[in-house]
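Understanding the architecture of this molecule
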Amino acid sequence: MDRMDQPKHLGVTPPIALSYPTQREIEVTDLLVQELTAQGTFESEDESRRREVVLGKLDKLVKEFVYRTSKKRQLPEADAREAGGKIFTFGSYRLGVHGAGTDIDTLCVVPRHVTREDFFSDMHDSLINLSDVTELTSVTDAYVPVIKMKFQDIPIDLVFANLNINKVPDDLELRENFLLKNLDETCIRSLNGSRVTDEILRLVPSIPAFRTSLRCIKLWAKRRAIYSNVMGFFGGVAWAMLVARICQLYPNAIAGAIVSRFFRIMYQWNWPQPVLLKPIEDGPLQVRVWNPKIYHGDRYHLMPIITPAYPSMCATHNVTHSTKKIIEEEFNRAAEIADKVMVGTGKWSDLFAKHEFFSRYRYYLQIIASSNSATRQLKWSGMVESRIRHLISKLETVDNLYLAHPFVKGFDKVHHCATEKEANDVSHGIYNLKPTSERSGTDSSKSGNENGSNTIYTTYTTTFYIGLLVERRAVGSTSVHRQLNLSWPISEFTKLVKSWDKYDDKHMEIAVKNVKSTQLPQEVFEEGEQRPMKPRRKAKSNTTTTEHLNKKRKSDKVTDEINTTTMEQPNKKRKPDKVTDEINTTTTEQPNMKRKKDKVEIDGSNLESNKSVESTC
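Just so it is clear, the structure is predicted and the values come from calculations on it, not from any experiment.

Attention now goes to the overall build of the protein chain. Looking only at helices and strands, the protein chain features 17 helices and 13 strands. Taken over 617 residues, the protein chain has a buried fraction of 50%. The long-range fraction of contacts in the protein chain, counting pairs at least 24 apart against all pairs at least 6 apart in sequence, stands at 73%.

Structural data, given as structure tokens:
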């Protein structure tokens, strides 16, 4: 944008600085683009063209769907043809920051006589019959109901909105607020995705700087496993709004400088002060606008990031106390790395180092959703995933538990079992089978089992993980036994997911159990990644005991170091350790076993008696 054409300022406050890039900032930005390219964040031209072809086909399917529905409503032929229908894109694709293999967020807009029920029945059925469409599932009870699929191997999320108009022409734009008139809240939320994306692009002073910065932040958030709205972290639109706000505060800055300032400002942000890209609008429509002074629920949003399009909503209402702590910790880590990059003592690749989730904690909860078909599993696991944040909130009330850290995705597996008992074991996280593979959708029913029978019991599982961080013992405490009673949170969670109106107790199961880090399955670790090992027991020796205990063992795990310090030097103050302070604990899976160290008992014995819920406590 030309200097003379720039508005006075964008955003709710004036810019912090109007300075133009320094030579060092230009160099750092060039290095950032090189690193993003090396990390594969840009898609190829062939894939970009394939996306355009898929969107064209999808737009045609929407028009055919509207035509069929119009005929069912007995509209004249001419009116049915003119009823139209249109596909809008939003999210990362519309913002221009999508990468190879990422999904396309799409919005299906139709006239008033086409209903949401038509969309999830007729449109769904027309898609399921296409050979180009795979992994099709409808999530009708989500906050924004959606059809998920892969169209020619490109992931698509398709949401729905019907406007209070007779026809939807190809030149329709969604910016005007009057289009929201007489719509229900679900349709308004669906439309908001496209309206918010377009508004973000209008509110940033430099789109190229914004896009490069956002590509960096998205890659960082994914590598650090904090990119997931459903799990209580930030989703794509929230990260986009945060980056847009920093762009507003430094309107003439380029990507390297924006990224550096992003982390420092976000770490120091005074939450729950909301992040706004423009003042919240009051409109004439009878729709809810985010306002903690009026709406009681809005007061409990821990890290509110408010959408700029009317009606303004909180894009981060799923954030919990635990995920807030994790996000802030990651902001601090990234700020330190970015500072080093700016002064030449660090490199951008350090920013994108992989998370340490599966080696960070000693105890984990394992949530296993299972069923007997691929189609059923997509719906069941998606529903369970959408409810895990409720489990996190309940775990945060447990005594002695400091943090409940959810991992951002589940792990899908297909198990081909020879007996019903093996299939039942698999659904409860007992993996004693050799024929376990990643979800492939292949039909193994034609293969025989070891006993010569042609019957194969195929079980589909999706496993989610929550890391548990135990609070440190209070200074001066002499107790060596503490208990984490997880019975109530787990029981309430299983009741919640089983209350789903499509839950089928004959074909769906949910199991929750606790595991040690050393018991985590190989599937959660990447090739070459070192998994946690059980601490070695010290062999008896005739050497001087005092000398042996006082010797600092640098090569040992932090577990041994902290336990030794706590037991042998009880009066010595322990240095704070945010990541590993739970290491003072040991589980009581064998409650009669004698323990010399401080132990924490994870109790889940008061769960429902239903066999589909299991706790190995």
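More follows now that the structure is in view.
Locating Thr13 in the fold gives a position in the segment before helix H1 (23-38). Judged by relative accessible area, Thr13 falls into the partly exposed class, the value being 32%. Linking Thr13 and Pro279, residues 266 residues apart in sequence, is a C-alpha distance of 9.8 Å. Residues in contact with Thr13, not counting those within four places in the same chain, are Arg245 and Leu249.

Between helix H9 (residues 255-267) and helix H10 (residues 321-343), whose axes approach to 8 Å, the crossing angle comes to 145 degrees. Every pair of crossing elements has a handedness; the one defined by H9 and H10 is left-handed. Each of Gly256, Ser260, Phe262, Phe263, Arg264, Met266 and Tyr267 in H9 lies in contact with H10, whose residues at this interface are Glu328, Phe331, Asn332, Ala334, Ala335, Glu336, Ala338, Asp339 and Met342. Classifying every residue of the contact of H9 with H10 gives nine nonpolar, three polar and four charged.

Okay, H1 next. Compared with the 22 Å implied by 1.5 Å per residue over 16 residues, the 23 Å span of H1 between its first and last C-alpha is a close match. When H1 is considered as a whole, its buried residues turn out to be Glu25, Val28, Thr29, Leu32, Glu35 and Leu36. All buried residues of H1 project into a common sector of 125 degrees when viewed along the axis, lining one side. Exposed side of H1, more than 90 degrees from the buried face: Gln23, Gln34 and Ala38 are the residues found there. The inward-facing, buried residues of H1 abut helix H7 (207-223), H9, H10 and helix H11 (348-351).

Most of strand S8 (residues 411-417) is tucked away: six of the seven residues are buried. Sheet topology note: the S8/strand S10 (residues 457-470) ladder contains seven bridges and is antiparallel. From the neighbouring strand, His415 faces S10, where its bridge partner is Thr459.

Quick look at the packing of H7 against H9 now. Remark: H7 packs on H9, axes separated minimally by 9 Å, with the N-to-C direction vectors making an angle of 45 degrees. Relative to H9, the element H7 is oriented oblique. In the packing of H7 onto H9, the handedness of the crossing is right-handed. Facing H7, whose interface residues are Ala209, Thr212, Ser213, Cys216, Ile217 and Trp220, H9 presents Ala255, Ile258, Val259, Phe262 and Phe263. For the contact of H7 with H9, the per-class residue count stands at nine nonpolar, two polar and no charged.

A few words now on the side chain of Ser370. Residue placement: Ser370 occurs in strand S6 (residues 363-371). For Ser370, a relative accessible area of 2% translates into the label buried. Dropping the residues within four chain positions of it, Ser370 is found in contact with Gln377, Trp380, Ser427, Thr459, Tyr460, Thr461, His507, Met508 and Glu509.

Looking now at the pattern of salt bridges. In total, this model carries 33 salt bridges according to the counting rule given. As a salt-bridge pair, Lys502 and Asp501 come within 3.9 Å of each other at their nearest N and O atoms. In this structure Lys502 comes out as partly exposed when scored by relative accessible area, which is 42%. A single network of salt bridges, built from pairs that share partners, joins Glu199, Arg202, Lys278 and Glu281.

Counting 107 residues, the largest nonpolar core has Phe210, Trp220, Trp239 and Phe263 as its most contacted members. Broken down by element, this core gets its largest block of residues, 10 residues, from helix H8 (residues 236-249). Sequence-distant contacts of Phe263, that is, excluding residues within four places in its chain, are made with Ile217, Trp220, Phe331, Ala334, Ala335, Ala338 and Leu351. Within the second largest apolar cluster, 27 residues are counted, among which are Phe65, Ala83, Val110 and Leu127.

Looking now at the UniProt feature "binding site: Mg(2+) 2" (unreviewed entry) in the protein chain. As annotated by UniProt and renumbered to match this structure, "binding site: Mg(2+) 2" (unreviewed entry) occupies Asp103, Asp105 and Asp157. The greatest C-alpha distance among the residues just named is 7.1 Å, despite their covering 55 residues of sequence, which places them together in space. Structurally, Asp103 can be placed in the loop between helix H4 (91-95) and strand S2 (104-110). Overall, the relative accessible area of 27% leaves Asp103 in the partly exposed class. Residues contacting Asp103, with those up to four places away along its chain left out, are Arg51, Ser92, Pro155 and Asp157.

This brings us to the environment of Leu75. Position of Leu75 among the secondary structure elements: in the loop between helix H2 (45-72) and helix H3 (77-82). Note on Leu75: relative accessible area 23%, which makes it partly exposed. Considering only alpha carbons, one finds Leu75 and His113, 38 residues apart in sequence, at a separation of 9.8 Å.

Using the criterion set out here, one finds 25 aromatic pairs in the structure. Judged by centre distance (6.1 Å) and plane angle (85 degrees), the ring pair of Trp239 and Phe331 falls under edge-to-face. With Trp239 in helix H8 and Phe331 in helix H10, the pair connects residues that are 92 residues apart, well separated along the chain. In this structure Trp239 comes out as buried when scored by relative accessible area, which is 0%. Aromatic ring contacts, followed pair by pair, group Phe357, Phe358, Tyr361, Tyr364, Phe407, Phe411, Tyr465 and Phe525 into a single cluster. For the cation-ring pair, Arg288 lies above Tyr295, with the distance from its terminal atom to the ring centre recorded as 4.1 Å.

Here the focus is unusual backbone geometry. Of the consecutive residues Trp271 and Pro272, the connecting peptide bond is found in the cis state with omega at 5 degrees. That bond from Tyr310 to Pro311 is cis: its omega, -5 degrees, falls within 30 degrees of zero. Tracing the chain through its elements places Pro311 in the loop between H9 and H10. Even without being a glycine, Asp153 presents a positive backbone phi close to 70 degrees. Its location among the elements puts Asp153 in the loop between strand S4 (146-151) and strand S5 (154-162). Of note, Asn400 is a non-glycine position whose phi angle comes to about 75 degrees, a positive value. Looking at the element boundaries, Asn400 is found in the loop between helix H13 (374-395) and strand S7 (401-406).

What counts, and where the lines are drawn
Residues numbered from 1 in each chain as written. Predicted model: local features only at pLDDT ≥ 70, side-chain atom pairs only at ≥ 80, totals over all residues. Heavy atoms only, no water. Helix = DSSP H or I, 4+ residues; strand = E, 2+ residues; numbered from the N terminus. Buried < 20%, exposed > 50% of the residue type's maximum accessible area, 1.4 Å probe, protein only. Contact = heavy atoms within 4.5 Å. Axes fitted to C-alpha atoms, helices over the stretch in contact; angles between N-to-C directions. Left-handed = near helix turned anticlockwise from the far one by under 90°. Nonpolar A, V, L, I, M, F, W, Y, C, P; charged D, E, K, R; others polar. Expected span 1.5 Å × (residues − 1). Arc of directions from axis to C-beta. Pairing = 2+ DSSP bridges. Parallel < 35°, antiparallel > 145°, perpendicular 65-115°, else oblique. Salt bridge = Lys/Arg side-chain N within 4 Å of Asp/Glu carboxyl O. Core = buried A, V, L, I, M, F, W, Y, C linked by side-chain atoms within 4.5 Å. UniProt positions renumbered as here; feature names shortened; annotations may be inferred. Phe/Tyr/Trp six-rings, centres within 6.5 Å; stacked < 30°, edge-to-face > 60°. Lys NZ or Arg CZ within 6 Å of the ring centre and 35° of its normal.

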